[in-house]
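So you can see what is in the structure, the chains are spelled out below.
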Amino acid sequence: MKSATQAKAADLQTLEKRSRRKYCFTPAMDEEIRRAYHLYIEYNNRKAIGACAQNLGYPKWVINRRAGVLGLARIKEPEWSKAEVHVVEKWQHLTDAAIQRKLKAKGFRRSVNAVRRKVQRLRIKQNRDGYSAQSLAGAFGVNCHKVIYWINHKMLVASRRGTARSESQGGDIYWITHADVREFVLTRPDEVDLRKVEKWWFLDLVTNGRIGVR
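Residues numbered from 1 in each chain as written. Predicted model: local features only at pLDDT ≥ 70, side-chain atom pairs only at ≥ 80, totals over all residues. Heavy atoms only, no water.

*Asks:* Just to check I follow, could you spell out the overall build of the protein chain for this structure?
*Replies:* Across its full length, the protein chain carries 11 helices and three strands. Scanning the protein chain from its N terminus toward the C terminus, one meets helices and strands in the order α-α-α-α-α-α-α-β-α-α-β-β-α-α. Of all intrachain contacts in the protein chain linking residues separated by at least 6 positions in sequence, the fraction that spans at least 24 positions is 56%. Surface summary for the protein chain: the accessible area is close to 14500 Å², and the carbon and sulfur share equals 52%. (Helix = DSSP H or I, 4+ residues; strand = E, 2+ residues; numbered from the N terminus. Contact = heavy atoms within 4.5 Å. Areas by Shrake-Rupley, 256 points an atom, 1.4 Å probe, with all protein chains shown as cover.)

Shown next as structure tokens:
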């Protein structure tokens, strides 16, 4: 007579055999799983694996187990070198994907997801020194088109953030540094309507952060 432990082990073996018979994978299905994990690991697309499971009609845990068999499990990223961190700090105003391309140009391979996590840990984006065209327009109390006009007419220096926005979405986002905004105000004072600007922001800008300092 079988013990409870033996019976349980036998049941688990039976379930595993049934599982192997039930969940079969073709090369095309494996490729779809690889694509889903690529989106998850490289771009932090957390819905990719669930969508893959739904498309294949299998439970998500089956997809995860198959991914392990295919060697797709996420591995621990190597430590960041000082040179890599320097690249991230230098191009902090760009998107995560654009920073990844900058790293690749220097010979470093990092996923977009890894770049995102590094930026968050360094708290760079919370302290970056600059403005988007939209946020700068709000500070000046003007329409965003006015800021674009200044940029297009070489009055205000700006760079692109490296986003993948299409023309129908307004194109890549502009990035204007604090120093370039101050230079614009000092060299193009007639363009600034003092009745519309955000008072304390403007005073802080033109005094170079010395507003209220005795």
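*Asks:* Can you walk me through the pattern of salt bridges in this structure?
*Replies:* A side chain with one charge may pair with a side chain of the opposite charge, provided their charged atoms come close. All chains considered together, the criterion is met by six salt bridges. Between Arg-116 and Asp-96 there is a salt bridge, and its shortest N-O distance comes to 3.3 Å. Of this pair, Arg-116 sits in helix H7 (residues 112-122) while Asp-96 sits in helix H6 (residues 96-105), placing them 20 residues apart in sequence. A salt bridge links Lys-146 to Glu-191, with the nearest nitrogen and oxygen atoms 3.8 Å apart. Placement of the pair is Lys-146 in helix H9 (residues 144-152) and Glu-191 in the loop between helix H10 (178-187) and helix H11 (199-206), with a sequence separation of 45 residues. Since its relative accessible area comes to 32%, Lys-146 is described here as partly exposed. For Glu-191, a relative accessible area of 27% gives the class partly exposed. (Salt bridge = Lys/Arg side-chain N within 4 Å of Asp/Glu carboxyl O. Buried < 20%, exposed > 50% of the residue type's maximum accessible area, 1.4 Å probe, protein only.)

*Asks:* In this structure, what is going on with helix H2 (residues 27-43)? I would like to understand it.
*Replies:* Two residues of an α-helix separated by three or four positions point the same way, owing to the 3.6 residues in each turn. For H2, built from 17 residues, the straight-helix expectation of 24 Å at 1.5 Å per residue is met to within 8% by its first-to-last C-alpha distance of 24 Å. Those residues of H2 that fall on the buried side of the exposure criterion are Met-29, Asp-30, Ile-33, Ala-36 and Tyr-37. Buried residues of H2, viewed axially, fall in a sector of 120°; they line one side. In H2, the exposed residues that point more than 90 degrees away from the buried face are Pro-27 and Ala-28. Its buried side turned inward, H2 meets helix H3 (48-56) and helix H4 (60-69). (Expected span 1.5 Å × (residues − 1). Arc of directions from axis to C-beta.)

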